[in-house]
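Below are the chains, spelled out letter by letter.
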Amino acid sequence: MDVRTIDVKTAVTGLVLLTLSLVVYFFIIPSQIEEPPAGPLAMSPSLFCQVSAGLLIFLSLLLTATGVFARNRNATGEEPATSKADEIDHKKVFVTIGATVLYLFMFETVGFFVSTAALMLFLMVYYGNRNWAHVLGIMVVILVFIYLLFVMGLKVVLPEGM
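Remember, it's a predicted structure, so these values are computed and weren't measured experimentally. (Residues numbered from 1 in each chain as written. Predicted model: local features only at pLDDT ≥ 70, side-chain atom pairs only at ≥ 80, totals over all residues. Heavy atoms only, no water.)

A. Examining the packing of aromatic side chains more closely. Inspection of every chain in the model, using the stated rule, returns seven aromatic pairs. Centre to centre, the rings of Phe 112 and Phe 113 are 5.0 Å apart; their planes meet at 85 degrees, and the pair counts as edge-to-face. Residue classification places Phe 113 among the partly exposed positions, given a relative accessible area of 27%. Three or more aromatic residues joined by ring pairs form one cluster here, namely Tyr 103, Phe 107, Phe 112, Phe 113 and Tyr 147. (Phe/Tyr/Trp six-rings, centres within 6.5 Å; stacked < 30°, edge-to-face > 60°. Buried < 20%, exposed > 50% of the residue type's maximum accessible area, 1.4 Å probe, protein only.)

B. Region of the structure containing helix H5 (residues 132-153). With 22 residues, H5 should cover 32 Å at 1.5 Å per step; its first-to-last C-alpha distance of 30 Å lies within 8% of that length. Among all positions in H5, only Val 135, Met 139, Leu 143 and Ile 146 are buried. Its side-chain oxygen at 3.2 Å from the backbone nitrogen of Ala 133, Asn 131 defines the N-terminal cap of H5. Looking one or two residues past H5, Lys 155 carries a phi angle of roughly 60 degrees, positive in sign. (Helix = DSSP H or I, 4+ residues; strand = E, 2+ residues; numbered from the N terminus. Expected span 1.5 Å × (residues − 1). Polar contact = N/O pair within 3.5 Å; in protein donor to acceptor, adjacent residues only side chain to side chain.)

C. Seen up close, the layout of surface pockets. Of the voids in this model, the second largest pocket is the one considered here, and its volume is about 200 Å³. In this structure, the second largest pocket is lined by Met 43, Ser 44, Pro 45, Leu 47, Phe 48, Leu 149, Phe 150 and Leu 154. Elements supplying a minimum of two residues to the lining of the second largest pocket: helix H2 (47-68) and H5. Taken together, the residues of the lining of the second largest pocket break down into seven nonpolar, one polar and no charged. (1 Å grid on protein atoms, 1.4 Å probe; cavity = no way out; pocket = protein on both sides within 12 Å on 5 of 7 lines; lining within 4 Å. Points joined across faces, edges and corners; volume = space filled by probe spheres on them. Nonpolar A, V, L, I, M, F, W, Y, C, P; charged D, E, K, R; others polar.)

D. Region of interest: the environment of Val 157. For Val 157, the position within the fold is in the segment after H5. Val 157 sits 45 residues away from Phe 112 along the chain, and the two C-alpha atoms are 10.0 Å apart.

E. Fine view of helix H1 (residues 8-32). The terminal C-alpha atoms of H1, which comprises 25 residues, lie 34 Å apart, in line with the 36 Å expected from a rise of 1.5 Å per residue. Most pronounced at Val 24, the bend in H1 amounts to some 40 degrees. Those residues of H1 that fall on the buried side of the exposure criterion are Thr 10, Ala 11, Gly 14, Leu 18, Ser 21 and Ile 29. The inward-facing, buried residues of H1 contact H2. (Bend = angle between axes of the 7 residues up to and from the residue. Contact = heavy atoms within 4.5 Å.)

F. Here's a closer look at a nonpolar patch on the surface. A contiguous nonpolar patch, built from Ile 6, Val 8, Val 12, Val 16, Leu 17, Leu 20, Leu 56, Val 68 and Phe 69 and spanning about 780 Å² of accessible area, is present on the exposed surface. Elements that contribute at least two residues to the nonpolar patch include exactly H1 and H2. In terms of residues, the nonpolar patch owes the most to one element, H1, which gives five residues. When you line up the elements, Val 12 lands in helix H1. Of the residues examined, Val 12 reaches a relative accessible area of 44% and is grouped as partly exposed. (Patch = residues over 30% accessible without salt bridge, like charges linked within 9 Å, V, L, I, M, F, W, Y side chains within 5 Å. Areas by Shrake-Rupley, 256 points an atom, 1.4 Å probe, with all protein chains shown as cover. Salt bridge = Lys/Arg side-chain N within 4 Å of Asp/Glu carboxyl O.)

Next comes the structure, spelled out in structure tokens:
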């Protein structure tokens, strides 16, 4: 029998993210980005921020709905047994945070593309991907995409390192 219950953690997480994303969209973006006089085809400098915040609003609503309409297959009302895959590996969380902090410090020193490649390589191998063709293929595709989109298309100057 399918019993519907509310997954409180998921619903609250969705509501917190929704609140933060609404604050970003309606208060932080307008107060931090000055709009220049509009040209004939000029895009607003806040466009990317608004699209990102709008996407976060949408995903927060989905997360909240997932928590509210969670399905519990146990008809007795008991908590379902959690599997080993559902448990959080705190060591991996802290290693990922540490690698990201190191990445932020490496960013200016060795450049965007070298530090990003190093972080991607480390995290993919750390999380168990041992297929080197797969790892290198993903790295090349993502880095080329970032280069073409941001450097060539949007003319964003990324840190080059020393």
